[in-house]
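Residue-level listing of the chains:
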Amino acid sequence: MRAALAPGVRLLRALPRDSRYRGLTLVLTFLCYTSYHLSRKPISIVKSQLHPNCSALGPNPRNDSNSSTWCSWAPFDGDNYKELFGALDNAFLVAYAIGMFISGIFGERLPLRYYLSGGMVLSGLFTALFGLGYFWDIHVLWYFIVVQVCNGLVQTTGWPAVVACVGNWFGKGKRGLIMGIWNSHTSVGNILGSLIAGAWVSSDWGLSFVVPGIIITTVGIICFFFLVEYPEDVDCSPPLHHVSSADSHWACQSSVDHSNSPKEPAEEPEAISFLGALRIPGVVEFSLCLLFAKLVSYTFLYWLPLYIVNVAHFGAKEAGDLSTLFDVGGILGGIFAGLISDYTGGRATTCCVMLVVAAPMLFLYNHVGQNGIGTSIAMLIICGALVNGPYALITTAVSADLGTHESLKGNAKALSTVTAIIDGTGSVGAALGPLLAGLISPTGWNNVFYMLIAADVLACLLLARVVVKEVRGWCGYMARKRGYVR
């Protein structure tokens, strides 16, 4: 007796061909960038193990003269360990910021599938090499710095490629919500990276890097075999990025009328130049806003576990687990920002409101966030939503909107370059944040939070011109709706 067709297969057959490939693209790019962030997270978890509180572990079994740092991993066993941690973060992030501006240009001119999968395999190699320093008993700073620089450069292959792929498959209609949900890969990767790294941080911290390195390499190989870059590659319909409601019926009717006519080979549009991408309205404002928004986000990414260890006096694993709640908030914030911006049409206004509210919440978290485990959990989720919501919206829906801006007249070859410019500028802030935190934290954690609050305010101010433009657009729309303007 033959069984009925599996329910999952029946569902797949019921879905239109375009929907199946769009779903495949979303899932694959989600997994790709989840693994990118998964491989970046271990350094923040392992920091507290590279320079732990040795006095809590009992007497020095080796009876060395320096009993206070006998369990630390050289060269991070000195009093300048925070500065060295800042140097490690900065090596990765400066290389990432510089490489990002170049990466988008390559992404427009190379096959995205090869570019993305190759970058993931190399990222896995350099992530694993950092952890192998534990097994090879390496204690020289330059080794870890060089590995971080190389990893920062190859990780720039990820973001422009995945945003370009998703932008190729999805139009502007519900882009904010779809990409808000999709962008949860950042927080999911951070959470998984924290949990995986935390599993070995107290025993064999080298595995905290080797295992994520293996994971991102595996996902890169899967991407090579299954990723579809353009709808046209599998005879699917490309999305309509800029079609007005008045023209939508004609556009659909036209596509039906000519579906059986022979297709003429379309001329391949030229990739946009770097300066050409900067001239797109809104690119400069959102790029500068992201610089400060990402400064705040990445300071939390790299320093939150150590802050929790120092202030709340948790162990390394417990601090890593608790820090994942910030990323849980980031998931909710990204979805909320995408949904609201789709409904209102105001990407900049949504970002600005969330940034304004984030500033006092950061102040409150620093002063009352450690008063109890319940307060800490609630504040971490709220701060994560408000900090990562604008960051997620700008790097996804806003980048895709600007990369398919109407001023480009249908040339989608700007997606990767625009994404790289916006995220590259943001990555300058991502490099500055952890560096400043390393320099400021010896003077007290309060000063670190004042720096983060100031960055949030600056991010908001840089969007002021775009916000005013959106508000004027709403006022004009309401006036026309009420009949005051013909």
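Predicted model, so just to flag it, every value in this text is computed and none were measured. Along every chain, residues carry numbers that run from 1 in the direction the sequence is written. A pLDDT threshold of at least 70 governs which residues receive local features in this predicted model, and a stricter bar of 80 or more applies before side-chain atom pairs are shown or counted, although totals over entire chains, interfaces and linings include all residues. As a rule here, side-chain values come from all non-hydrogen atoms in the structure, and water together with hydrogens is ignored.

## Description of the overall build of the protein
Counting secondary structure elements, the protein contains 19 helices and 0 strands. In this scheme, a residue with accessible area under 20% of its type's maximum is buried, one over 50% is exposed, and one in between is partly exposed, where area comes from a 1.4 Å probe on protein chains only. Every one of the 486 residues in the protein was classed for burial, and the buried ones make up 53%. Here the Shrake-Rupley method, with its probe set to 1.4 Å, supplies the accessible areas, and only the displayed protein chains count as covering residues. Summed over all atoms, the accessible surface of the protein reaches about 21700 Å², with 66% contributed by carbon and sulfur. Helix numbering and strand numbering both begin at the N terminus, where a helix is a DSSP run of H or I of at least 4 residues and a strand a DSSP run of E of at least 2.

## A word on helix α6 (residues 141-154)
In this analysis, the expected span of each helix is defined as 1.5 Å times one less than the number of residues it contains. Helix length check: α6 (14 residues) gives 21 Å between terminal C-alpha atoms against 20 Å at 1.5 Å per residue, within 8%. Those residues of α6 that fall on the buried side of the exposure criterion are Y143, F144, V147, Q148, N151, G152 and V154. Looking straight down α6, one finds its buried side chains confined to an arc of 165 degrees; they lie on one side. By the convention used here, residues are in contact when the closest approach between their heavy atoms is within 4.5 Å. Looking at the buried side of α6, the elements it contacts are α4 (81-109) and α5 (112-135). What the arc measures is the spread of directions leading from the helix axis to the C-beta atoms.

## Overview of the confidence of the model for the protein
Should the pLDDT be low somewhere, the predicted coordinates at that spot are not to be read in detail. What pLDDT reports is the predictor's confidence in each residue, on a scale of 0 through 100. In the predicted model, the protein carries a mean pLDDT of 81, and the fraction of residues at 70 or more is 83%. Within the model, pLDDT remains below 50 along residues 242-266, and this stretch shows 7 contacts once partners closer than five positions in the same chain are excluded.

## Re helix α10 (residues 207-226)
Between its first and last C-alpha atoms α10 spans 29 Å; for 20 residues at 1.5 Å apiece the expected length is 28 Å, and the two agree. At its buried positions, α10 is contacted by α2 (17-40), α3 (42-50), α5 and α9 (185-200).

## Considerations on the nonpolar core
Side-chain atoms within 4.5 Å link the members of a nonpolar core, which is a set of buried Ala, Val, Leu, Ile, Met, Phe, Trp, Tyr and Cys residues. Core analysis: the largest hydrophobic core is formed by 115 residues, its most contacted members being L116, F144, L362, Y365 and L452. Considering each element in turn, this core owes the most residues, 16 residues, to helix α13 (residues 283-312). Contacts of L362, omitting those with residues within four sequence positions, involve V296, F300, C383, V387, F449, L452, I453 and D456.

## Concerning the pattern of salt bridges
When a carboxyl oxygen of Asp or Glu lies within 4 Å of a side-chain nitrogen of Lys or Arg, that pair is called a salt bridge. If you walk through the whole model with that rule in mind, you get 4 salt bridges. For R347, the salt bridge is made with D342, and the minimal N-O distance between the two is 3.1 Å.

## What to know about the packing of α9 against α10
Helix axes are fitted only over the stretch in contact, all axes being lines through C-alpha atoms; the angle between N-to-C directions runs from 0 to 180 degrees. Closest axis-to-axis distance for the α9/α10 pair is 8 Å, and the angle between their directions is 140 degrees. The orientation of α9 relative to α10 falls into the category oblique. Considering only the axes of α9 and α10, their crossing is right-handed. Contact residues: I196, A197 and W200 in α9; L207, S208, V211, P212 and I215 in α10. Ten residue types, Ala, Val, Leu, Ile, Met, Phe, Trp, Tyr, Cys and Pro, are classed as nonpolar, four, Asp, Glu, Lys and Arg, as charged, and the remainder, Gly among them, as polar. Broken down by class, the residue content of the contact of α9 with α10 amounts to 7 nonpolar, 1 polar and no charged. Roughly parallel refers to an angle under 35 degrees, roughly antiparallel to one over 145, roughly perpendicular to one between 65 and 115, and oblique to any angle outside these ranges. In this scheme the handedness of a crossing depends on how the near helix is turned from the far one: anticlockwise by less than a right angle means left-handed, clockwise means right-handed.

## Here's the deal with the packing of aromatic side chains
Between the rings of Phe, Tyr and Trp (Trp by its six-membered ring), a pair exists once the centres lie within 6.5 Å; its type follows the angle of the planes, with under 30 degrees stacked, over 60 edge-to-face, and the other angles tilted. Applying the stated rule across the entire model yields 28 aromatic pairs. Seen from their ring centres, Y21 and W169 are 6.3 Å apart, and the 15 degrees between their planes marks the pair as stacked. In this pair, Y21 is assigned in helix α2 and W169 in helix α7 (residues 158-169), connecting sequence segments 148 residues apart. Given a relative accessible area of 22%, Y21 falls into the partly exposed group. Accessibility expressed as a relative area gives 0% for W169, which makes it buried. Aromatic side chains Y134 and F135 sit 5.0 Å apart centroid to centroid with 85 degrees between the ring planes, which places their arrangement in the edge-to-face category. With a relative accessible area of 41%, F135 lands in the partly exposed category. Through a chain of ring-to-ring contacts, the aromatic side chains of W73, F76, Y81, F85, F130, Y134, F135, W142, Y143, F144, W205 and F209 assemble into a single cluster. Lysine NZ or arginine CZ positioned within 6 Å of the ring centre and within 35 degrees of the ring normal marks a charge as sitting over the ring. If you follow K47 out to its NZ or CZ, it ends over the ring of W303, 4.3 Å from the centre. The lysine or arginine in question, R113, covers the ring of F224, its NZ or CZ lying 4.9 Å from the ring centre.

## Some thoughts on unusual backbone geometry
Between A74 and the following residue, P75, the backbone shows a cis peptide bond with an omega angle of 10 degrees. If you trace the backbone, P75 turns up in the loop between α3 and α4. Although it is not a glycine, D137 sits at a positive phi angle of roughly 55 degrees. As for its placement among the helices and strands, D137 is situated in the loop between α5 and α6. For D235, which is not glycine, the phi torsion reads 60 degrees and is therefore positive. You can see D235 is positioned in the loop between α10 and α11 (245-257). Of the residues examined, D235 reaches a relative accessible area of 61% and is grouped as exposed.

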